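Coordinates in review
Single-letter residue listing:
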Amino acid sequence: AQSVAQPEDQVNVAEGNPLTVKCTYSVSGNPYLFWYVQYPNRGLQFLLKYITGDNLVKGSYGFEAEFNKSQTSFHLKKPSALVSDSALYFCAVRDGPNRDDKIIFGKGTRLHILP
Amino acid sequence: EPEVTQTPSHQVTQMGQEVILRCVPISNHLYFYWYRQILGQKVEFLVSFYNNEISEKSEIFDDQFSVERPDGSNFTLKIRSTKLEDSAMYFCATIWGQGSNTGELFFGEGSRLTVL
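Residues numbered from 1 in each chain as written. Chains lettered and ligands numbered in written order. Predicted model: local features only at pLDDT ≥ 70, side-chain atom pairs only at ≥ 80, totals over all residues. Heavy atoms only, no water.

1. Comments concerning the overall build of chain A
To keep it simple, the criterion reads: Helix and strand labels come from DSSP, where a helix needs a run of H or I of at least four residues and a strand needs a run of E of at least two; each type is numbered from the N terminus. We compute the radius of gyration over the C-alpha atoms and compare it with the globule rule, which gives 2.2 Å times the number of residues raised to the power 0.38.
For chain A, the helix and strand inventory stands at zero helices and 12 strands. Mapped in sequence order, the helices and strands of chain A form the string β-β-β-β-β-β-β-β-β-β-β-β. In terms of C-alpha radius of gyration, chain A reaches 13 Å, essentially the compact-globule figure of 13 Å for 115 residues. Along the first, second and third principal axes, the C-alpha set of chain A runs to 40 × 30 × 25 Å.

Laid out in structure tokens, this is it:
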């Protein structure tokens, strides 16, 4: 079965600094990878996805993610953090090649941006 | 972005009572999912639903759970006899039916279930 791992429970970054939230994956076949963000008492919002193509994927709110096949990683990045980026971030992988296969989530990483 | 509306936003119930959570997607949604999240932690898959039948279910989705889409619009999750450990946020999610969509889920805002 497919899986993702988020090694950090929490990441603290000063406002204005670059941020990275780590994710590694384990899949059989081609990986279909996603990042979601959850603000307090809200649902999950889609940020970006990697299906195929360029290894650097750009998404919402200035976020991007780098797909690295050799390291089986899909780290989320942003060049300059904002306090409003503070939230819970989930890496996710589709559990199969079909569009409707369920998506499996990592345990989440809480991002704190310090003013 | 497609919208998914969930009701109720919060429900408090006594252990052993039946609960129905509702999800109202807009049109062109083909695939439906329920996930749950306990205490802001990991998001766990419960069940997927397509063409009026269950596509896949997790081991969490036991005989106490059921789903249906009775009127072709609302997608419901029923818990027949709630247990304390059913307390969680329940999220409905859908996949949009447009051709360019490649499987990202769109989530509702969730229904918080508190079992006393």
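Having seen the structure, we can now continue with the description.
2. Focus: the pattern of salt bridges
Quick reminder of the rule: Here a salt bridge means any side-chain nitrogen of Lys or Arg lying within 4 Å of a carboxyl oxygen belonging to Asp or Glu. Type-normalised accessible area, obtained with a 1.4 Å probe on protein chains alone, sets the label of each residue: buried when under 20%, exposed when over 50%, and partly exposed for intermediate values.
If you walk through the whole model with that rule in mind, you get nine salt bridges over all chains. A salt bridge links A:Lys77 to A:Glu66; the nearest nitrogen and oxygen atoms lie 3.1 Å apart. Here A:Lys77 is found in strand β9 (residues 73–78), whereas its partner A:Glu66 is found in strand β8 (residues 64–68), with 11 residues between them in sequence. Residue A:Lys102 pairs with B:Glu56 through a salt bridge whose shortest N-O separation is 2.5 Å. With A:Lys102 in the loop between β10 (87–94) and β11 (103–105) and B:Glu56 in strand β6 (residues 53–57), this pair bridges two chains. The class of A:Lys102 is buried, set by a relative accessible area of 11%. Salt bridges sharing common partners tie together A:Asp95, A:Lys102 and B:Glu56.

3. A closer look at the side chain of A:Gln38
How we decide: Any pair of N or O atoms that falls within 3.5 Å is considered a polar contact. Within protein, one atom must be able to donate a hydrogen and the other to accept it, and sequence-neighbouring residues count only if both atoms are side-chain atoms.
Residue position: A:Gln38 is located in strand β5 (residues 33–38). Here the side chain of A:Gln38 touches B:Gln37 through a polar contact of 2.9 Å, side chain to side chain.

4. Considering unusual backbone geometry
Of note, the bond from B:Thr7 into B:Pro8 is cis; its omega dihedral lies within 30 degrees of zero at -10 degrees. Inspection of the secondary structure assignment puts B:Pro8 in the loop between β1 (4–7) and β2 (10–13). Phi is positive for A:Tyr61, which is not a glycine, with a value near 60 degrees. Checked against the element boundaries, A:Tyr61 lands in the loop between β7 (56–58) and β8. One non-glycine residue, B:Asn51, adopts positive backbone phi at about 55 degrees.

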